[in-house]
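Single-letter residue listing:
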Amino acid sequence: MDISVVVPLYNEEKSLPELFDWIKRVMSENNFSYEVIFVDDGSTDSSWEVISGLSKQHPEIKGIKFRRNYGKSPALYCGFQKAQGHVIITMDADLQDSPDEIPELYKMITADGYDLVSGWKRKRYDPLSKTLPTKLYNASARKVSGVKLHDFNCGLKAYRQNVVKKLEIYGDMHRYIPYLAKNAGFKKIGEKEVRHQPRKYGKTKFGWDRFVNGYLDLMTLWFFSRFGVKPMHFFGLAGSVMFLLGLVAVIIVGGYKLYAMHAGYTYRLITEMPYFYISLTAMIIGTQLFLAGFLGELISRNSADRNMYNIETEL
């Protein structure tokens, strides 16, 4: 099979027939063998009934229905596990992603040798309140991840099959699939400028909280990519520095009192000095950080997949 199209959705009953007709037309024009996997993320409208009705008429359609709303990442993960095509295309169900982009995305994977191609909606039909935070978010993601993409969160992407089978997407990590792919060893990541269609039905399902959650998820990915299997390198270093700073500060406070006593100056008790308690707190925090790193190392060394590596080929 040439292509699997994975479409996560939530309450998109009106757009689904039109979307499938559009996909079917593009596939027929290019003689692609294909399947369309609709993943219903716990919709409360009649989306699943629409999918069921379409599947009875078109054997290319497959469906997954969640009992409740889990989010886009679980929907993509389950769709990826079910996909059988050599190239996997993801797109949103709201008709803002154009299926006309599929042939070129397919070519970039099969002919140009990319592992992953992400869409870039240079011209967006969104209000400034959405586009400005998106630009800031993408700039931060580029800086932290080292993946030079303009639009990390574009729903229209193409993947080589072995890429999606290696990725574990959970929580809200769908925003950082290119970063996850890079960490998994797939470094040929490309970008294609795509058209952004105005929303035709319904309303957006995402709010302002996605920017806060996205920042936190980015920090989580950065930490795990750098220190996931060696937490002592982070916590141990931070704890050691904190402890040494506190220790030096305590020595300075004690040395100052001894000097004042020897020189006959007026002095205060060490326990009356705020610097003593600040130094003591720094030493305690440093010790706790060091122990956190030590415990992290124990957990990492006893992990069942501590020696699981992505081997590309063997002779």
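Right, let's walk through the structure included here. Because the structure is a prediction, the values reported are computed rather than measured.

Looking now at the environment of R160. Mapped onto the fold, R160 is located in strand β6 (residues 157-160). In the structure, R160 is positioned 51 residues away from I109 in sequence and 6.5 Å away in space, judged by C-alpha atoms. Dropping the residues within four chain positions of it, R160 is found in contact with H86, I109, G113, Y114 and D115. Within the local environment of R160, its side chain forms a polar contact with the backbone oxygen of G113, the two atoms lying 3.4 Å apart.

Attention now goes to a positive patch on the surface. A cluster of basic side chains, namely K143, K148, K182 and K187, defines a positive patch on the protein surface. Residue classification places K187 among the exposed residues on the basis of a relative accessible area of 68%.

This next bit is on the environment of F290. Note that F290 resides in helix α10 (residues 274-301). Along the primary structure F290 and V253 are separated by 37 residues, whereas in three dimensions their C-alpha atoms are 24 Å apart. Among all residues touching F290, those that are not within four sequence positions of it are M232, F235, G236, G239 and S240.

Because an α-helix completes one turn every 3.6 residues, residues spaced three or four positions apart along the sequence face the same direction. Between the first and last C-alpha of helix α1 (residues 16-29) there are 20 Å, a value that for 14 residues agrees with the 20 Å anticipated at 1.5 Å per step. Residues of α1 that are buried: L16, L19, F20, W22, I23, V26 and M27. The arc that holds every buried residue of α1, seen down its axis, measures 160°, which confines them to one face. Where α1 is buried, its residues contact β1 (3-9), β2 (34-40), α2 (47-57), β3 (61-65) and α4 (102-110).

Reading guide: rules and limits
Residues numbered from 1 in each chain as written. Predicted model: local features only at pLDDT ≥ 70, side-chain atom pairs only at ≥ 80, totals over all residues. Heavy atoms only, no water. Helix = DSSP H or I, 4+ residues; strand = E, 2+ residues; numbered from the N terminus. Contact = heavy atoms within 4.5 Å. Polar contact = N/O pair within 3.5 Å; in protein donor to acceptor, adjacent residues only side chain to side chain. Patch = residues over 30% accessible without salt bridge, like charges linked within 9 Å, V, L, I, M, F, W, Y side chains within 5 Å. Areas by Shrake-Rupley, 256 points an atom, 1.4 Å probe, with all protein chains shown as cover. Salt bridge = Lys/Arg side-chain N within 4 Å of Asp/Glu carboxyl O. Lys, Arg positive; Asp, Glu negative; His and termini not counted. Charge placed at Lys NZ, Arg CZ, Asp CG, Glu CD. Buried < 20%, exposed > 50% of the residue type's maximum accessible area, 1.4 Å probe, protein only. Expected span 1.5 Å × (residues − 1). Arc of directions from axis to C-beta.

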